[in-house]
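Residue strings, one per chain:
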Amino acid sequence: MKHFLFLHEFYTSCAMIKLIIYQSQKFKKETIMHILIIEDEEQLCRSMAEGLRMDGYETDTCFDGEEGLELCMTENYDLILLDLNLPDGSGYDFLKTCRSQSDIPVLMLTANDLEINEVIGFELGANDYVTKPFVPMELLARVHAQLRRHLRYQQLLEQKQEVEDILGRIQG
């Protein structure tokens, strides 16, 4: 019986993974998303970038907040993965500046698992929060979720603009 339950759980997990992969491929075929990774641990940064590229995303990486802000001002990103502890300041400072100029989804990454840090991150405008070490599949699922929401938000803004344009023509 234990052997059967183990096999059942294994095959159920495999089926769920296949479903996630199918849904992410279906989602990604619509558009190629561009992700900025700001992480001072260079090996982790490169690993995340490689994993995301293998999953079909375009990625840029940097290792401090100043360069991250420069990239945000010059490039068009769909998501930012932001480390909380950066060599040139706090990820919170980056988040405050970013939020004053953009609504790009931000997923915070940190080794600090204190609840107060999560609350501060959310209050400053973070969309999600992941503590290190993390499971790559969970990070990827969270990235997919944020990008789906962001894409839907962009579509709604475009539809709203179309309606306003039509109303303007009717009234004008």
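Predicted, not measured: the structure shown is a model, and the values here were computed from it.

Asker: What am I meant to see in the overall build of the chain here?
Answerer: A tally of helices and strands in the chain yields six helices and seven strands. Sequence-ordered secondary structure for the chain, helices as α and strands as β, is α-β-α-β-α-β-β-β-α-β-α-β-α. Of all 172 residues assigned to the chain, the portion counted as buried reaches 35%. Look at the contacts in the chain between residues 6 or more apart in sequence, and 63% of them connect residues 24 or more apart. As presented, the chain carries roughly 10,800 Å² of accessible surface, and 56% of it is formed by carbon and sulfur atoms.

Asker: Would you mind going over the nonpolar core with me for this structure?
Answerer: A general feature of soluble globular proteins is that nonpolar side chains tend to end up buried together. Counting 19 residues, the largest nonpolar core has Leu36, Ile38, Ile80, Leu82, Phe94, Val106 and Met108 as its most contacted members. Listed by contribution, the elements that provide at least two residues to this core are β1 (34-38), α3 (65-74), β3 (79-83), α4 (91-101) and β6 (106-110). In terms of residues, this core owes the most to one element, α4, which gives four residues. The contact partners of Leu82, leaving out residues within four places of it in the chain, are Ile38, Gly91, Phe94, Leu95, Val106, Leu107, Met108 and Leu109. If you look at the next biggest cluster of nonpolar residues, it comprises 18 residues, including Leu79, Phe134, Val143 and Leu147.

Asker: I would appreciate a short explanation of the packing of α3 against α4 in the present structure.
Answerer: Angle between the axes and distance between the axes are the two parameters that describe a pair of packed helices. Between α3 and α4, whose axes approach to 10 Å, the crossing angle comes to 10 degrees. If you check the angle between α3 and α4, you find them roughly parallel. Across the interface between the two elements, Gly65, Gly68, Leu69, Cys72 and Met73 of α3 pack against Phe94, Thr97, Cys98 and Gln101 of α4. Of the residues assigned to the contact of α3 with α4, the class counts are five nonpolar, four polar and no charged.

Asker: Would you take a moment to explain the environment of Lys96 for this structure?
Answerer: Its location among the elements puts Lys96 in helix α4. Taking the relative accessible area as the measure of exposure, Lys96 reaches 48% and is therefore partly exposed. Note: C-alpha distance between Lys96 and Ala126 (30 residues apart in sequence) is 9.5 Å.

Asker: Whenever I open this one, the pattern of salt bridges confuses me. Can you help?
Answerer: Charged atoms that come close allow side chains of opposite charge to pair. Per the counting criterion, the structure on display carries eight salt bridges. A salt bridge links Arg142 to Glu138, with the nearest nitrogen and oxygen atoms 2.8 Å apart. Taken together, the positions of Arg142 and Glu138, both in helix α6 (residues 136-171) and four residues apart, correspond to about one turn of that helix. What makes Arg142 partly exposed here is its relative accessible area of 27%. Taking relative accessible area as the criterion, Glu138 reaches 35% and is therefore assigned partly exposed. Here the residues in one salt-bridge network are Glu39, Glu41, Asp83 and Lys132, joined through shared partners.

Asker: Looking at this structure, I do not really get the pairing of strand β2 (residues 58-62). What am I missing?
Answerer: Regular strands show a simple pattern: their side chains alternate between the two faces of the sheet. Examined bridge by bridge, β1 and β2 share five bridges and lie parallel to one another. When the sheet's bridge partners are listed, Ile35 is paired in β2 with Thr59. What joins β1 to β2 is helix α2 (residues 42-54), and the crossover it makes is right-handed.

Asker: Got a minute to help me understand a negative patch on the surface in this structure?
Answerer: A cluster of acidic side chains, namely Glu66, Glu67, Glu70 and Asp88, defines a negative patch on the protein surface. Here Glu66 shows up in helix α3. With a relative accessible area of 53%, Glu66 lands in the exposed category.

Thresholds, definitions, all that
- Residues numbered from 1 in each chain as written.
- Predicted model: local features only at pLDDT ≥ 70, side-chain atom pairs only at ≥ 80, totals over all residues.
- Heavy atoms only, no water.
- Helix = DSSP H or I, 4+ residues; strand = E, 2+ residues; numbered from the N terminus.
- Buried < 20%, exposed > 50% of the residue type's maximum accessible area, 1.4 Å probe, protein only.
- Contact = heavy atoms within 4.5 Å.
- Areas by Shrake-Rupley, 256 points an atom, 1.4 Å probe, with all protein chains shown as cover.
- Core = buried A, V, L, I, M, F, W, Y, C linked by side-chain atoms within 4.5 Å.
- Axes fitted to C-alpha atoms, helices over the stretch in contact; angles between N-to-C directions.
- Parallel < 35°, antiparallel > 145°, perpendicular 65-115°, else oblique.
- Nonpolar A, V, L, I, M, F, W, Y, C, P; charged D, E, K, R; others polar.
- Salt bridge = Lys/Arg side-chain N within 4 Å of Asp/Glu carboxyl O.
- Pairing = 2+ DSSP bridges.
- Right-handed = clockwise from strand over helix to strand, strands pointing away.
- Patch = residues over 30% accessible without salt bridge, like charges linked within 9 Å, V, L, I, M, F, W, Y side chains within 5 Å.
- Lys, Arg positive; Asp, Glu negative; His and termini not counted.
- Charge placed at Lys NZ, Arg CZ, Asp CG, Glu CD.

Note that every value here comes from positions in space, so none of it alone points to a role or purpose.
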